[in-house]
Amino acid sequence: MVGTRRNLRQVFRLWISRYEAWAPNRWDDVPPEAVALEPAIDGVYSAAQAAAFVEGFNTEMLRDPQRRWAVAIPVRIHYEGDLVVGQRFSSRQFSDRAGGNAA
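Just so we're clear, the structure is a prediction, and the values are computed from it rather than from any experiment. Residue positions are given per chain, counting from 1 as you read along its sequence in written order. Where totals are concerned, whole chains, interfaces and linings use all residues; where local detail is concerned, this predicted model gives features only for residues with pLDDT of at least 70, and gives and counts side-chain atom pairs only at 80 or more. Computation of side-chain values: all heavy atoms of the structure, hydrogens and water removed.

*Asks:* Which residues make up the overall build of the protein chain, and what are the values?
*Replies:* Of the regular secondary structure elements, the protein chain holds three helices and three strands. Taken over 103 residues, the protein chain has a buried fraction of 19%. It only takes one pair of heavy atoms within 4.5 Å for two residues to be counted as in contact. Looking at the protein chain alone, contacts between residues at least 24 apart form 66% of all its contacts between residues at least 6 apart. Exposure was quantified through the Shrake-Rupley algorithm and a 1.4 Å probe, taking into account, for residues, occlusion by the shown protein chains and nothing else. As displayed, the protein chain offers around 8200 Å² of accessible surface, 52% of which is attributable to carbon and sulfur atoms. Labels follow the DSSP assignment, with helices taken as runs of H or I lasting at least four residues and strands as runs of E lasting at least two, numbered in each case from the N terminus. Accessible area is worked out with a 1.4 Å probe on protein chains only. A residue is then buried under 20% of its type maximum, exposed over 50%, and partly exposed in between.

Set out below in structure tokens:
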């Protein structure tokens, strides 16, 4: 049986960064050093989705250099506050987290 951890798909957050003293040659180059400016898009994305965004954004930056560069950062999702097997819960927990609206 394959371990559960091996079945997890890697997800990515997309960030726009700013670099100095570097000249990318291809959309998939990675700056040796950069500063994170802002998340490109909210949420997490698969490797294929992240690559498509990075390719499109960075290809445009190659045409019109602004020293900005998209990067896909591998992240792990942490389900803080999630239930665990056997845990008791009440409807109040749903309304407290949803701002008063029960699920």
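*Asks:* Can you break down the nonpolar core residue by residue, with the values?
*Replies:* Counting residues in hydrophobic clusters, the biggest one holds 13 residues, and the most contacted among them are Leu14, Phe57, Trp69 and Ala70. Contributing elements (two or more residues each) for this core: strand 1 (11-18), helix 2 (47-63) and strand 3 (68-75). The leading source of residues in this core is helix 2, at four residues. Apart from residues lying up to four places away in sequence, Phe57 is in contact with Ile16, Arg68, Trp69 and Ala70. In these notes, a set of buried Ala, Val, Leu, Ile, Met, Phe, Trp, Tyr and Cys residues joined through side-chain atoms within 4.5 Å is what counts as a nonpolar core.

*Asks:* Would you mind going over the pairing of strand 1 in detail, with residue names and values included?
*Replies:* Between any two strands, at least two bridges found by DSSP are needed for them to pair. In this sheet, strand 3 lies alongside strand 1 in antiparallel orientation, the contact comprising eight bridges. For Phe12, the partnering residue across the bridge sits in strand 3 and is Pro74. When strand 1 meets strand 2 (residues 35-39), the two strands line up antiparallel, connected through four bridges. In the sheet register, Arg18 faces strand 2, and the bridge partner there is Val35.

*Asks:* Now, about the packing of aromatic side chains: what can you tell me, with residues and values included?
*Replies:* Pairs were defined over the aromatic rings of Phe, Tyr and Trp, the Trp ring being its six-membered one, requiring ring centres within 6.5 Å. Orientation was assigned from the angle between planes: stacked under 30 degrees, edge-to-face over 60, tilted for the rest. This structure, assessed with the given rule, holds four aromatic pairs. Between Trp22 and Trp69, the aromatic rings sit 5.4 Å apart at their centres with planes inclined by 85°, giving edge-to-face as the arrangement. Residue Trp22 is located in the loop between strand 1 and strand 2, and its partner Trp69 is located in strand 3; the two are separated by 47 residues in the primary sequence. Like Trp22, the residue Trp69 is buried in the burial classification. Arranged with centres 5.9 Å apart and planes meeting at 20°, the rings of Phe53 and Phe57 form a pair that is stacked. Within this pair, Phe53 and its partner Phe57 are both found in helix 2, separated by four residues, close to a single helical turn. Taking the relative accessible area as the measure of exposure, Phe53 reaches 24% and is therefore partly exposed. The exposure class assigned to Phe57 is buried, which follows from its relative accessible area of 18%. Among the aromatic residues, those joined into a cluster by ring pairs are Tyr19, Trp22 and Trp69.

*Asks:* I'd like to hear about the sheet that holds strand 3, residue by residue, with values.
*Replies:* Read across the open sheet, the three strands follow the order 2-1-3; overall the sheet is antiparallel. The open sheet is flanked by strand 2 and strand 3, the only strands paired with a single partner. Going from strand to strand, the sheet's axes swing by 45° on average, the running direction of each strand aside. For helices, the fitted line uses only the C-alpha atoms of the stretch in contact; every axis is such a line through C-alpha atoms, and the angle between N-to-C directions lies from 0 to 180 degrees. Docked against the sheet, helix 2 engages strand 1 and strand 3, running at close to 165° with respect to strand 3.

In short, the description is geometric, and any link to function would need to be established separately.
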